[in-house]
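Tertiary structure, described
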Amino acid sequence: MGVNKYEIYNNKVIITLNDRVCFTSEDIINSELFKRILTNCIAELKRKNSVIINIFDDINNINEEKISALIKTLKFLTKNSTELLPSAVPGSEILLRDRHLFFDFIEYFYNHWRSMERYIVCDASDRDFEKRPYRAFNNIVEPISHMVRSTYRDIQENLSNDPPRIYRQVIAGPQVGVIAVPMRIPLPTGSFDQLQSIPIIRQVLLYPPLILNPPMNKRSGKFERIYKNPLDLIDLNYEEWLCYPAKVGDLVMLVYFHKKFAELGLSLCNLFEMADDKDLQRKPDAVYVFGTDRKALEGLAKMPTVFFDDEVNDIFIGAVPGDDDFGYFGYLKKMILTLHNIKMMKRGRLPFHGAMMRMVLKGNKDLTFLFMGDTGAGKSETLEAFRALGEDYIQDIIIIADDMGSFGISSEGQIMGYGTETGAFLRLDDLLPGYALAQIDRAIIMNANQVNARILLPVTTFNNVVKGHKIDFILYANNYEDIDEDHPLIERIATPGEALKIFREGTVMSKGTTTTTGIVHTYFANVFGPVQYKELHETLASEYFEAFFKAGVFVGQIRTRLGLNGCERNGPQEAAKELLALIHRQ
């Protein structure tokens, strides 16, 4: 079959290839993976006490011989009808006592396979996959999907002798394809050496929409600085890991993730630009090991979500355990952004937690807005409402930052804004009706049936993220106050000191995206860097807020009311309307 190996983690199957793929139904059915999936499916039917398990004569004695007879029966049915089956495959007559029930088993088995998250890793160590990625994907991933579907349909048709009238061309093979190759990265020596054998992802193929179900749907705590290098404490088996090389703004971070969390690590491609070969020729700004042994991290901090500032080598090292409790995309994204923010502060730039957009109005009037605030404050929701309401007035809306970014000050004293992500990680519940459906062809959806269901999709280009844009409006997203005569939808702040107080308090009505609820206060609504380096941040904040007012930036707060009952939809919409009116008054 050309399968070097496969791994199954809960409901995920990860296949590694470096040779030819399955070209025939017989190859598929003869594979060890097929037998493993079939055995797991039978065990699932037994646990459910499903009537379908009654294709076997004694459900308490489904042994190796009976499974072998089932596999031979399926292989025979890929090419032949049932008439010759009893003489060709001993034991098949038991399985086909009730042909309709056996037909139901085939359907269940096919759906059992498709219910799994399916990934394929093309090992490019000895091949030219990386040079011609589309050809590699086309020659490997597509044929597998085709052959799985064809095998299912051949068995189905030969069993019933009545071809179906409707064909649904679902993705039956891998949902995600990856080309990965070991590369020598200019990392420090010593404990960093264990990273050098882990394959680096060079290309990713997705079949969206991806509907994923990670083990956790929210994040808790913050990332804590420790004074030991986590790499000195852990021992990685390179065969169990992959690396996504992320461009986070103008930084390069190598994100090493255990295959147990493949759905999370590979979803990074919808959020961060992938580093190119030139980027990988220089020392990365950070490495992040996501999914390591928890015991190695115990006792280092209150939470085992830690990072080390290696000032000698000028590199950050982050680490998070592989327990299911940390199986949420926020643990990946927010650690990466924490390290980015600290790096920016060390460069003299002030990080922000917010959504930034550049708007080109009809008539070529150009304005850039930044909504700052904590998770669930209504930043992205107001931005999307604004996009929908402003169709008649807005020529273009360009996303610069969806969640994190940084301020710089130009030589002329202008306030410049920079982003980090090319994608967005949004709450489904807070989006405008129909928005998620309109983006479904590019989307990764996580925990769709749970509270805090999320959609992850690309929203901008890397050039827009790193270019640097002059900022005109900085608005704190206030989701907790209702509006009245003294609390308008948009309120301009009079002085740097007053603005610093509001932004420093970081008040928000928690929406349950973390484990906090109710009114909470977070230093600058940002536990991702400023809290850990508070002294440095406080100096920068005072400098920058003075610069905001000196440059004539509109500094204020916008009351989204997203945290108030009954205002989840109309709050951001009304805030967006007022923002549109404010623009017209400028």
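What comes next concerns the included structure. (Residues numbered from 1 in each chain as written. Predicted model: local features only at pLDDT ≥ 70, side-chain atom pairs only at ≥ 80, totals over all residues. Heavy atoms only, no water.)

A few points about the state of the cysteines
Rules: Cysteine sulfur atoms that come within 2.5 Å of each other are treated as a disulfide pair. Only protein chains enter the area calculation, which uses a 1.4 Å probe; residues under 20% of their type maximum are buried, those over 50% are exposed, and those in between are partly exposed.
If you walk through the whole model with that rule in mind, you get 0 disulfides. Not engaged in a disulfide, the cysteine C243 finds its nearest cysteine sulfur in C269; these two sulfurs lie 14 Å apart. Among the residues examined, C243 registers a relative accessible area of 0% and is labelled buried.

Section: the packing of aromatic side chains
Heads up, the condition is: Centres within 6.5 Å are what make two rings of Phe, Tyr or Trp a pair, Trp counting through its six-membered ring; a difference in plane orientation under 30 degrees is then read as stacked, over 60 as edge-to-face, and the rest as tilted. Helix and strand definitions follow DSSP, with helices as H or I runs of at least four residues and strands as E runs of at least two, each counted in order from the N terminus.
This structure, assessed with the given rule, holds 23 aromatic pairs. Consider the rings of F34 and F109, whose centres lie 5.4 Å apart with planes at 80 degrees: the pair is edge-to-face. Of this pair, F34 sits in helix α2 (residues 32-48) while F109 sits in helix α6 (residues 99-115), and the two are 75 residues apart along the sequence. Accessibility expressed as a relative area gives 13% for F34, which makes it buried.

Quick notes on the packing of helix α10 (residues 379-389) against helix α15 (residues 570-585)
Keep this limit in mind: Whenever a helix is involved, its axis is fitted only over the stretch in contact; in every case the axis is a line through C-alpha atoms, and angles between N-to-C directions fall within 0 to 180 degrees. In what follows, roughly perpendicular refers to angles from 65 to 115 degrees, roughly parallel to angles under 35, roughly antiparallel to angles over 145, and oblique to any angle outside these ranges. If you view the pair so one helix is near and one far, a crossing is left-handed when the near helix is turned anticlockwise from the far one by less than a right angle, and right-handed when it is turned clockwise. Contacts between residues were defined by any pair of non-hydrogen atoms, one from each residue, lying within 4.5 Å.
Contact pair α10 / α15: the axes reach a minimum separation of 8 Å and the direction vectors enclose 60 degrees. Considering their axes alone, α10 and α15 lie oblique with respect to each other. In terms of crossing hand, the pair formed by α10 and α15 is right-handed. Mapping the contact onto sequence places E381, T382, A385, F386 and L389 in α10 and P572, Q573, A575, A576, K577, L579, L580 and I583 in α15.

Description of the sheet that holds strand β21 (residues 454-458)
Note: strands within a sheet are paired through backbone hydrogen bonds, in either parallel or antiparallel orientation. Operational definition: The pairing criterion is simple: DSSP has to find at least two bridges between the two strands.
A sheet is described by the order of its strands in space; here 4 strands give the open sequence β6-β20-β21-β19, paired in mixed fashion. Looking along the sheet, the strands with just one partner apiece sit at the ends: β6 (210-212) and β19 (423-427). Put simply, the sheet's adjacent strands are angled 20 degrees from each other on average, direction ignored. For β19 and β21, the ladder comprises 5 bridges, and the chain directions are antiparallel. When the sheet's bridge partners are listed, F425 is paired in β21 with L456.

Let's talk about the pattern of salt bridges
Inclusion rule: Each reported salt bridge corresponds to a side-chain nitrogen of Lys or Arg within 4 Å of a carboxyl oxygen of Asp or Glu.
For the coordinates displayed, the defined rule picks out 29 salt bridges. Taking the shortest distance from any N to any O, the salt bridge between K334 and D403 comes out at 2.6 Å. Residue K334 is found in helix α9 (residues 329-346), and its partner D403 is found in the loop between β16 (394-401) and β17 (404-409); the two are separated by 69 residues along the sequence. What makes K334 buried here is its relative accessible area of 7%.

Some details on the environment of I394
Within the secondary structure, I394 is located in strand β16. Counting along the chain gives 29 residues from I394 to K365, while the straight-line C-alpha distance between them is 9.4 Å.

Brief notes about the pairing of strand β15 (residues 365-372)
Counted residue by residue, β15 has 6 buried out of 8 residues, so it is predominantly covered. Inspection of the sheet shows strand β14 (residues 350-361) paired to β15 by 8 bridges, in the antiparallel sense. Its bridge partner lying in β15, M357 is registered against F369. Between β14 and β15, which pair antiparallel one after the other, the connecting turn spans 3 residues, and G363 there sits at a positive phi close to 100 degrees. Note that β15 and strand β23 (residues 473-478) share 4 bridges and pair parallel. Each residue of the ladder has a partner; that of L370, found in β23, is I474.

What to know about the nonpolar core
The condition that has to hold: In this description, a nonpolar core means a group of buried Ala, Val, Leu, Ile, Met, Phe, Trp, Tyr and Cys residues linked to one another through side-chain atoms lying within 4.5 Å.
Residues F272, F290, F329, F407, I474, F503 and F548 are the most contacted members of the largest nonpolar core, which totals 80 residues. Among the elements that make up this core, the one with the highest residue count is α9 (10 residues). Beyond its immediate chain neighbours, meaning those up to four positions away, I474 contacts L370, M372, F407, F503, F548, V553, F554, V555 and G556.

Some points on unusual backbone geometry
The amide bond that connects P208 to the next residue, P209, takes the cis arrangement and shows omega of 0 degrees. Locating P209 in the fold gives a position in the loop between β5 (200-206) and β6. Phi angles above zero are rare outside glycine, and N10 is one such case at about 50 degrees. As for its placement among the helices and strands, N10 is situated in the loop between β1 (3-9) and β2 (12-17). Positive phi, normally seen in glycine, also occurs at N49, with a value near 55 degrees. Inspection of the secondary structure puts N49 in the loop between α2 and α3 (64-77). We classify N49 as exposed; its relative accessible area is 60%.

A word on the pairing of strand β27 (residues 554-559)
Burial of β27 is extensive: 6 of the 6 residues sit out of reach of the surface. Residues F554, G556 and I558 point to one face of β27 and V555, Q557 and R559 to the other, with burial holding for every one of them. In this sheet, β27 lies alongside β23 in parallel orientation, the contact comprising 6 bridges. Within the sheet, the bridge partner assigned to I474 lies in β27 and is V555. With 3 bridges joining them, strand β24 (residues 490-492) and β27 adopt antiparallel strand pairing. Counterpart to I490 in the pairing with β27 is I558.

Digging into the environment of R219
Counted only if it meets this: The term polar contact refers here to a pair of N or O atoms within 3.5 Å; inside protein, the definition further demands a hydrogen-donor-capable atom paired with an acceptor-capable atom, and it admits residues adjacent in sequence only when both atoms are side-chain atoms.
Topologically, R219 is positioned in the loop between β6 and β7 (224-226). Given a relative accessible area of 6%, R219 falls into the buried group. Remark: the alpha-carbon pair of R219 and F326, spanning 107 residues in sequence, is separated by 7.5 Å. Among the polar contacts made by the side chain of R219, one reaches the main-chain carbonyl oxygen of G221 at a distance of 2.8 Å.

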